[in-house]
Amino acid sequence: MAVERTLSILKPDATERNLTGQINARFEAAGLRIVAQKRLQLTDAQAGLFYQEHSARPFYKDLCGFMSSGPIVAQVLEGENAILANRDIMGATNPANAAAGTIRKDFAVSIDANSVHGSDSPAAAAREISFFFSTLELVG
Ligand code: ADP
Ligand code: MG
């Protein structure tokens, strides 16, 4: 195992319900450190760029609409094996399938309003971190 960084997003359904602190506490309790964080609202086009890997999927248009519908919190989480560790803390994409104690099981509203995003590979983490954060915003 190695110390990694991963890109996390608290989605509009989470900020709307004022869950930033409760979700962040899950990351910290699991040993992940929030090393960068900002609250912003994406345009539909920016959401489309972020999720371009899904551009051919039937849910893409709704996904971009949802992700640009309100403020999000973009953050970089750091820790041992952070990419997979965060995916475990998040739970399955569909909250109906998410394990007990995961963020999506406890907070998600639906498969689209599922509260959090997390990078799924080292290559995705590198691309997604640089999408939101400049080198000046990333303290070593
Ligand atoms: P994850 O966020 O778990 O990595 P994906 O990368 O497969 O999941 O999908 C990106 C996001 O698109 C999901 O978090 C979810 O909000 C949305 N999504 C995925 N599959 C569906 C679906 N079948 N119907 C509606 N929205 C979906
Ligand atoms: Mg994904």
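Residue numbers restart at each chain and count upward from 1, following the sequence in its written direction. All chains are assigned letters beginning with A, and all ligands numbers beginning with 1, in the order in which they are written. Since the coordinates come from a predicted model, pLDDT governs what is reported: local features require at least 70, and pairs of side-chain atoms require 80 or more to be given and counted, while whole-chain, interface and lining totals use all residues. Hydrogens are left out, water is left out, and the side-chain values use all remaining heavy atoms of the structure.

Caption draft 1: Highlighting the sheet that holds strand β2 (residues 33-40). Pairing within the open sheet is antiparallel, and its 4 strands lie in the order β2-β3-β1-β4. This sheet does not close on itself; its edge strands, each paired only once, are β2 and β4 (116-118). Strand-to-strand twist across the sheet, computed as the mean angle between neighbouring axes with direction ignored, equals 20°. Pairing of strand β1 (residues 3-10) with β4, which is carried by 3 bridges, proceeds in the antiparallel orientation. Looking at the pairing, S8 lines up with G118 of β4. Note on pairing: DSSP must find at least two bridges between two strands before they are called paired. Helix and strand labels come from DSSP, where a helix needs a run of H or I of at least four residues and a strand needs a run of E of at least two; each type is numbered from the N terminus. For helices, the axis comes from a line fit to the C-alpha atoms of the stretch in contact; other axes are also lines fit to C-alpha atoms, and the angle between any two N-to-C directions lies between 0 and 180 degrees.

Caption draft 2: Expanded view of helix α4 (residues 60-67). Here's how the labels work: a residue is buried when its accessible area is under 20% of the maximum for its type, exposed when over 50%, partly exposed in between, all with a 1.4 Å probe on protein chains only. Every buried residue of α4 is listed here: Y60, L63, C64, F66 and M67. End-on, the buried residues of α4 take up no more than an arc of 165°, which puts them together on one face. The exposed residues of α4 that point more than 90 degrees off its buried face are K61 and D62. Where α4 is buried, its residues contact β1, α1 (12-16), α3 (44-50) and β3 (72-80). Starting at the helix axis, one direction is taken to each C-beta atom, and the arc is that of these directions. Every residue pair with non-hydrogen atoms within 4.5 Å of one another is taken to be in contact.

Scope: geometric values only; no functional claims are made or implied.
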